[in-house]
Amino acid sequence: MASGSVESQSLALDQLPAALLATIMTKLDISSICSMAVTCRTFNSCASHILSFLPNFHILEISPSMGLMKPLLPPNPYLKSLKLDCGQLNDSSVELLLRPSLQELCLHNCSDFSGKLLSEIGSRCKDIRSLYLGSVAEKRGRAILISDLEELLGGCTQLEELYLMFDLSLFLRHNFARVWALASEKLTSLEIGYISSVMVTELLSPNVGPHLYPNQIQPSILPGIQKLLLAVDYITDTMVSTISKGLTLLTHLELRDAPLIEPRVTFDLTNSGLQQINQHGRLKHLSLIRSQEFLSTYFKRVNDLGILLMADNCANMESICLGGFCRVTDTGFKTLLHSCSSLYKLKVCHGSQLTDLVFHDIAATSLSLTHVSFRWCNLLTNHAIRSLVCNTGLKVLDLRGCKNLGDEALPAISSLRELKMLQLDNSDITDAGMAYLRHGIISSLISLSVRGCKKLTDKCISVLFEGSSKLELQELDLSNLPNLSDNGVLALAKSQVPISELRLRQCPLIGDTSVMALASMQVDDDRGHGSNLRLLDLYNCGGITQLSFRWLKKPYFPRLRWLGVMGSLNRDIVDALARNRPYLHVACNGEELGTDPWNNIDGSYMHDYEELDELEQWLQEGEWESDDEEMEDAEEAEDVIHETLNSGTSGFFPDLNLKTNVNATLCLQLLVFFYIESVDIARAF
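Residues numbered from 1 in each chain as written. Predicted model: local features only at pLDDT ≥ 70, side-chain atom pairs only at ≥ 80, totals over all residues. Heavy atoms only, no water.

## Regarding the overall build of the protein
Of the regular secondary structure elements, the protein holds 25 helices and 20 strands. Relative to its 685 residues, the protein shows a buried fraction of 54%. Carbon and sulfur atoms form 50% of the exposed surface of the protein, whose accessible area is close to 29000 Å². (Helix = DSSP H or I, 4+ residues; strand = E, 2+ residues; numbered from the N terminus. Buried < 20%, exposed > 50% of the residue type's maximum accessible area, 1.4 Å probe, protein only. Areas by Shrake-Rupley, 256 points an atom, 1.4 Å probe, with all protein chains shown as cover.)

If you want it as structure tokens, here you go:
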């Protein structure tokens, strides 16, 4: 559509009722509202107005500064839900963020806040139902006092869901249980980022009350909890038994530990502890994971007998995740498959004695598995996969680290027409085997990982994608492929697959040509170069030089939020890029991108595949037409943002001239649709 045509149609919108425009725009998210606001003056004025009564405000893709947040969050007595990445905010933002009307509050990356955040929530947000706080006071010099937690729990009397994703083990133990006694009686879901097992045991143990007779037991704290997720130092028999006995309504239990030293018998899980699980018979979801984060250690005191004892109480279980049970054999795992007739999710990590025999008669069971994960189960072979695919409704199949899997497994996998996520890391597959995926499931896959499959070459890209159309693939991991070169990435760019997350780390033959190809890649001619990529991991790619950083500037990769590179390549250029694109997270130390270490207790199977927002495009609109080849200083970039925010006199949003803009076209079509629909409804009455 020509720009003049768009402008003439947008001018006609002045004649539509303002209330109708406002009603339509309130159904959009913040990013879409900002995108609409730059298309015409009518939308600009309407967007400025609706911010004062919008019920939901969610920005998690970027970390806005205090200066950007002030005009976006005017006084609003109707604001019910606020979700924000607080990476650039601190205690000075408390008054702006915390509103009495809030019922849901989700604040990520609160490392620069102190414990004041907790106490202020308790005093200002009395009506809050769901609260998520991530990484509070993690920066040096910040602290959380037990009194801050006390004010939070005592003040939020309507709280139903609480997620404290930071270290609670720093609190004094003798006051900890007393403070939690103040928690809302309506609290049904609790997740804690880190806490010691001893504190959990003391918190949930019924004690003799101070004003009760010796034979009277004080009711358990948090009796209404139905969902409990904890990361602890050690998973122990005592803790598991206390949880199982004290929380009578529990339906969802996830426990994860990461021992620093090999646990002693009194600080470990044994067969006896497993027998205590699900004493009240309500448990539907169970996850017990021993992480290898600090030490290669396992649940060495649990064997098949423990699984058999647990299975007696788990007939109604729907989801089971077990990690680090190195002494459990086929007998134990087979018992679970045959005992839990309602099971739809099964995950086993580091099952060193799990073999194909577990699955040879799985077709005889009534199971309808949809999520299956066997990470680092090295004894599994192609025969196991051929038996497993009798569950034709599988949506997630995670086989990372199963080194004995090869091309023979791929024809069976290709028969799973509903499969959305497939992970084959470190397997023995080849380019020829990948052809089975193309003819079977490539059109339905959303996520594919072949990291560390050493036999794959450039040919696997053309085998997978050449001639394919209407693909839904959004995440692709090609990391640690020694034979993948720029030619493979060129073939990927040519295929125009709408990938939003691409990982190429540890590929020695990937270089500047790949970056240029991805920067020039167009999935949709109207959405800009490289527009779909939100995450790009190039860490330790052998051919990346300073030239690549010219293509990592705007206007290329306009939606990029995560970038992995080698910091030693040229630290000054890396730092300049980070300053030039303040909403881009640049990782230089080899860390995995896009993952939250506190929020991965069960190694989540699926991600939320939401359409990427265009908020940053609006915030930094002035940078798009720059032809300067040198990086701008961070302060200049900040000035551009503030100029954009303050420009225009008719409303908060900047007054921009309409150009050929697909957003304008889409917005107009949306308005026409809703307008016609509202007229039809009015006539019906």
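There's plenty left to go through after this.
## A look at the side chain of S130
Turning to its location among the elements, S130 is positioned in strand β4 (residues 130-134). Given the relative accessible area of 14%, S130 is considered buried. Engagement of the side chain of S130 in a polar contact is seen with the side chain of E161, the distance being 3.1 Å. Setting aside residues up to four positions removed in sequence, S130 forms contacts with Q103, E104, L105, L159, E161 and Y163. (Polar contact = N/O pair within 3.5 Å; in protein donor to acceptor, adjacent residues only side chain to side chain. Contact = heavy atoms within 4.5 Å.)

## Focus: the pattern of salt bridges
Taken as a whole and assessed by the stated rule, the structure comprises 22 salt bridges. E61 serves as the salt-bridge partner of R534, at 3.2 Å between the closest nitrogen and oxygen. Taken together, the residues span a long stretch of sequence, with R534 in the loop between α20 (512-520) and β18 (535-537) and E61 in the loop between β1 (56-59) and α5 (66-72) at a distance of 473 residues. Taking relative accessible area as the criterion, R534 reaches 19% and is therefore assigned buried. Using a relative accessible area of 27% as the deciding quantity, one classes E61 as partly exposed. For the salt bridge of R375 with D398, the shortest nitrogen-to-oxygen distance reads 2.6 Å. Linking R375 in strand β12 (residues 371-375) with D398 in strand β13 (residues 396-398), this pair joins segments that are 23 residues apart in sequence. In terms of burial, R375 and D398 fall into one category: buried. Among the charged side chains, a network of salt bridges with common partners joins R451, D477, R505, D537 and E592. (Salt bridge = Lys/Arg side-chain N within 4 Å of Asp/Glu carboxyl O.)

## Focus: the nonpolar core
Ranked by size, the top nonpolar core spans 187 residues in total, and within it W180, I243, F374 and I413 carry the most contacts. If we ignore the near neighbours within four places in the chain, the residues touching F374 are L346, V348, L354, F359, L380, L388, D398, L399, R400 and C402. (Core = buried A, V, L, I, M, F, W, Y, C linked by side-chain atoms within 4.5 Å.)

## A word on the packing of aromatic side chains
Evaluation of the coordinates by the stated rule reveals seven aromatic pairs. Site record: aromatic cluster; members linked through ring pairs are F171, F176 and W180. (Phe/Tyr/Trp six-rings, centres within 6.5 Å; stacked < 30°, edge-to-face > 60°.)

## Quick word on unusual backbone geometry
Positive phi outside glycine occurs at A137, with the angle close to 60°. Inspection of the secondary structure puts A137 in the loop between β4 and α8 (146-155). When its relative accessible area of 13% is taken as the criterion, A137 is described as buried. Phi is positive for L222, close to 60°, though the residue is something other than glycine. By the secondary structure assignment, L222 is in the loop between α10 (197-204) and β7 (227-232).

## Quick word on the environment of L187
Counting through the fold element by element, L187 comes out in the loop between α9 (173-180) and β6 (189-195). A relative accessible area of 3% means that L187 is categorised as buried. With residues up to four places along the chain from it excluded, the contact list for L187 reads L159, E160, E161, L162, L222, G224 and I225.

## Observations regarding the packing of helix α7 (residues 116-124) against α8
Where α7 meets α8, the closest approach of the two axes is 7 Å, and the angle between their N-to-C directions is 25°. On the basis of the axis angle, α7 is roughly parallel to α8. The crossing of α7 and α8 is left-handed. Note on element contacts: α8 touches α7 through D148, L149, E151, L152 and G155, opposite K116, L118, S119, I121 and G122. (Axes fitted to C-alpha atoms, helices over the stretch in contact; angles between N-to-C directions. Parallel < 35°, antiparallel > 145°, perpendicular 65-115°, else oblique. Left-handed = near helix turned anticlockwise from the far one by under 90°.)

## Quick word on the environment of L162
With respect to the secondary-structure elements, L162 resides in strand β5 (residues 161-167). For L162, the residues in contact, after removing those within four places along its chain, are L131, L153, W180, L187, S189, L190 and E191.

## Re helix α3 (residues 30-37)
Of all the eight residues making up α3, seven are buried; the element is thus mostly covered by neighbouring parts of the structure. If you check which residues of α3 are buried, you get I30, S31, I33, C34, S35, M36 and A37.

## Brief notes about a nonpolar patch on the surface
A contiguous nonpolar patch, built from L260, I261 and F294 and spanning about 350 Å² of accessible area, is present on the exposed surface. Residue position: L260 is located in the loop between β8 (252-257) and α12 (271-275). (Patch = residues over 30% accessible without salt bridge, like charges linked within 9 Å, V, L, I, M, F, W, Y side chains within 5 Å.)

## Description of the pairing of β12
Of all five residues that make up β12, five are buried, and the element is covered over most of its length. Because side chains alternate across β12, one face comprises the buried residues H371, S373 and R375, and the other comprises V372 and F374, equally buried. Bridge count for β12 against β13 is three bridges, and the pairing is parallel. Bridging across to β13, S373 finds its partner in D398. Note on the crossover from β12 through helix α15 (residues 382-388) to β13: the handedness is right-handed. (Pairing = 2+ DSSP bridges. Right-handed = clockwise from strand over helix to strand, strands pointing away.)

## Side note on the side chain of S63
Note that S63 resides in the loop between β1 and α5. A polar contact is formed between the side chain of S63 and the side chain of D85, at a distance of 2.8 Å.

## Structural notes on the pairing of β7
On a regular strand, each side chain points to the face opposite its neighbour's, so the side chains alternate between the two faces of the sheet. Among the six residues that make up β7, five are buried, leaving the element largely enclosed by the rest of the structure. In terms of strand pairing, β7 meets β8 through six bridges, oriented parallel. By the bridge assignment, A231 is partnered in β8 with R256. Taken together, β7, helix α11 (residues 237-246) and β8 constitute a β-α-β crossover, and its handedness is right-handed.

## Considering the packing of helix α19 (residues 486-495) against α20
Their axes nearest at 8 Å, the elements α19 and α20 cross at an angle of 5°. Here α20 runs roughly parallel to α19, going by the angle between their axes. Between α19 and α20, the contacting residues are D486, V489, L490 and A493 on the first element and T513, S514, A517 and L518 on the second. Here the residues of the contact of α19 with α20 sort into five nonpolar, two polar and one charged. (Nonpolar A, V, L, I, M, F, W, Y, C, P; charged D, E, K, R; others polar.)

## A few points about the environment of E254
Here E254 lies in strand β8. Through-space distance from the C-alpha of E254 to that of I289 is 8.2 Å; in sequence the pair is 35 residues apart. Within polar-contact distance, the side chain of E254 engages the side chain of H252 at 2.7 Å.

## A word on the confidence of the model for the protein
With 81% of its residues at a pLDDT of 70 or more, the protein shows a mean pLDDT of 83. A low-confidence stretch, residues 596-685 stays under pLDDT 50, and its non-local contacts, those more than four residues away or across chains, total 189 contacts. (pLDDT = per-residue confidence, 0-100.)

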